[in-house]
Amino acid sequence: QGQLLAKSWSSLFEGQSGAALRGPVYSFNGRNILTDALWPHRLAWHGSTPRGGHARRWDCQGWRSSGSAEGMASALGEGRLLAGHRHNCSTP
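Quick caveat: nothing in here was measured; it's all calculated off a predicted structure.

S.K.: I'd like a rundown of the state of the cysteines, residues and numbers included.
M.R.: A full pass over the atoms with the stated rule returns 1 disulfide. Between Cys-60 and Cys-89 runs a disulfide, and the two sulfur atoms are separated by 1.9 Å. The chirality of the disulfide connecting Cys-60 with Cys-89 is left-handed, given an S-S dihedral of about -95°. Of this pair, Cys-60 sits in the loop between β1 (43-45) and β2 (70-75) while Cys-89 sits in the segment after β3 (85-88); the two residues are 29 residues apart in sequence, bridging distant segments of the chain. Taken individually, Cys-60 and Cys-89 each receive the classification buried, so the pair is uniform in this respect.

S.K.: Could you give an account of the sheet that holds β2, naming the residues involved and the relevant values?
M.R.: An order of β1-β2-β3 is seen for the 3 strands of this open sheet, with the pairing classed as antiparallel. The sheet is open, and its two borders are formed by β1 and β3, each paired with just one other strand. Strand-to-strand, the axes of this sheet are offset by a mean angle of 55°, without reference to chain direction. Of the pairings in the sheet, the one linking β2 to β3 comprises 4 bridges and is antiparallel in character. The partner of Met-72 across the bridge, within β3, is Arg-86.

Here is what the cut-offs are and how they apply
- Every chain is numbered independently, its residues counted from 1 as its sequence is written.
- For this predicted model, a pLDDT threshold of at least 70 governs which residues receive local features, and a threshold of 80 or more governs which side-chain atom pairs are given and counted, while totals over whole chains, interfaces and linings are taken from all residues.
- As a rule here, side-chain values come from all non-hydrogen atoms in the structure, and water together with hydrogens is ignored.
- Cysteine sulfurs are considered disulfide-paired once they come within 2.5 Å of each other.
- We count a stretch as a helix when DSSP gives it H or I for four or more residues in a row; a strand needs E for two or more, and each element gets its number in order from the N terminus.
- Under the scheme applied here, a residue whose accessible area is under 20% of the maximum for its type counts as buried, over 50% as exposed, and between as partly exposed, the area being computed with a 1.4 Å probe on protein chains only.
- By the convention used here, strands pair only if DSSP detects at least 2 bridges between them.
- Orientation is described by axes fitted as lines to C-alpha atoms, over the contacting stretch for helices, and by angles from 0 to 180 degrees between their N-to-C directions.

Printed below as a string of structure tokens:
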């Protein structure tokens, strides 16, 4: 019915940039966000440092659509959940 993404919740955040994802990731409406055209950027927004700490300046907290704030997000195709880069918080 489902595929294992990581051995445990904590294993997603251990080591350098967290665990490598093992399988598809689905949206709440059942779409595979790694292959569905509805998800052109395929980002996981997390606002964290590569070791799982809070990236205070890059978490999109207080974001407004008219602003130019940036937050940390990871491209899911890279296989590392927390190997993030700054992206404009307005990116869908």
